[in-house]
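Listed here are the chains, written in short residue letters.
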Amino acid sequence: MRFEVLGPLQVTVGEQQLPLGGSMQRKLLALLVAAGNQPVSVDRLVDEMWGDEPPPSAVHLIQVYVSRLRGLLAAEGAHQIRRDGPAYVFELAVGDLDSAVLERLVETAATTGPTDRAVAEELAEAVSLYRGRPYGDLADESAMLQAEAQRLEDLYLQARELLADLHLDLGRHHDVAADMEDLTARYPFRESFWAQLMLALYRSGRQAEALRVYSRLRHQLGEELGIETTPALRDLEERILLQDYELLWEA
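Just so we're clear, the structure is a prediction, and the values are computed from it rather than from any experiment.

Asks: Outline the sheet that holds strand β6 (residues 87-91), supporting the account with residue identities and numerical values.
Replies: The strands making up a sheet are joined through hydrogen bonds of the backbone, oriented either antiparallel or parallel. The sheet built from three strands is open, its strands ordered β4-β6-β5 with antiparallel pairing. Two strands lie at the open edges of the sheet, namely β4 (40-41) and β5 (80-84), each paired on one side alone. Sheet topology places β5 next to β6; five bridges connect them, and they run antiparallel. Across the sheet, Q80 pairs through a bridge with E91, a residue of β6.

Spelled out as structure tokens, the structure:
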């Protein structure tokens, strides 16, 4: 059984998705998963699920949702939602949660040496798990899920940066250039992506395009935010302009 939160919440067994019930029942499961094996009080669950105007039967509804989820999950494996005093805990193994897999591989990639092909391949596989906004629309009205969704999106972007660095170290400049063209369009104010795009283009023999990328970013930052590019990006532009041989890749 696999729990997938890097996109709309879904639980799969093999190739089949489990029916998780209505939106409130799915939201309860999302809250328990997001807690990361830590207890979540019933009061907190009520607040996250209904906000300032919970129904009079809120506590009873949570009990009903927990009972249904227990039956659904117990039928497919050993996962369980257990009561811990005035709270619930969802026991979940790290390997069964896609975001935990991504987090582990990001930590590995952040400490690995350059040109580690095995780590690059594992990180690329982990990045492919990302299907969109974590937890999907379940995070719209829950502070807890919103915070976790933002954390996971930041983790995904960090993974993309690390993966691009690994690919640049491995000489995969054309692949990085294609990836960064897409990512700079989706995240136009994340300057690290622009730096990686410029370097990938330069190493691909496309110096003029790399310089145009910098001009585009500088204009965009000035027009929309009224700020300048960072000193590191300005230095990279100057080095590309001067055809600094130290920027070139060597096997």
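Having put the structure on the table, let's press on.
Asks: Tell me what's going on with the pairing of β6, and back it up with residues and numbers.
Replies: Where burial is concerned, most of β6 is hidden: four out of the five residues are buried. Bridge analysis of β4 against β6 gives two bridges, and the strand direction is antiparallel. When the sheet's bridge partners are listed, V40 is paired in β6 with Y88. Linkage of β5 to β6, two consecutive antiparallel strands, is achieved through a turn of two residues, within which G85 is found at a positive phi near 60°.

Asks: Describe the packing of helix α6 (residues 143-169) against helix α8 (residues 191-203), and please don't skip the residues or the numbers.
Replies: The geometry of α6 relative to α8 is characterised by a closest axis approach of 11 Å and an angle of 20° between their N-to-C directions. The angle between the axes of α6 and α8 places the two elements in the roughly parallel class. For the element pair α6 and α8, the recorded crossing hand is left-handed. Contact with α6, carried on its side by L157, R160, E161, A164, D165 and L168, involves S192, F193, Q196, L199, A200 and R203 of α8 and no other residues of that element. Looking at the contact of α6 with α8 residue by residue, the classes come out as six nonpolar, two polar and four charged.

About the thresholds
Residues numbered from 1 in each chain as written. Predicted model: local features only at pLDDT ≥ 70, side-chain atom pairs only at ≥ 80, totals over all residues. Heavy atoms only, no water. Pairing = 2+ DSSP bridges. Helix = DSSP H or I, 4+ residues; strand = E, 2+ residues; numbered from the N terminus. Buried < 20%, exposed > 50% of the residue type's maximum accessible area, 1.4 Å probe, protein only. Axes fitted to C-alpha atoms, helices over the stretch in contact; angles between N-to-C directions. Parallel < 35°, antiparallel > 145°, perpendicular 65-115°, else oblique. Left-handed = near helix turned anticlockwise from the far one by under 90°. Contact = heavy atoms within 4.5 Å. Nonpolar A, V, L, I, M, F, W, Y, C, P; charged D, E, K, R; others polar.

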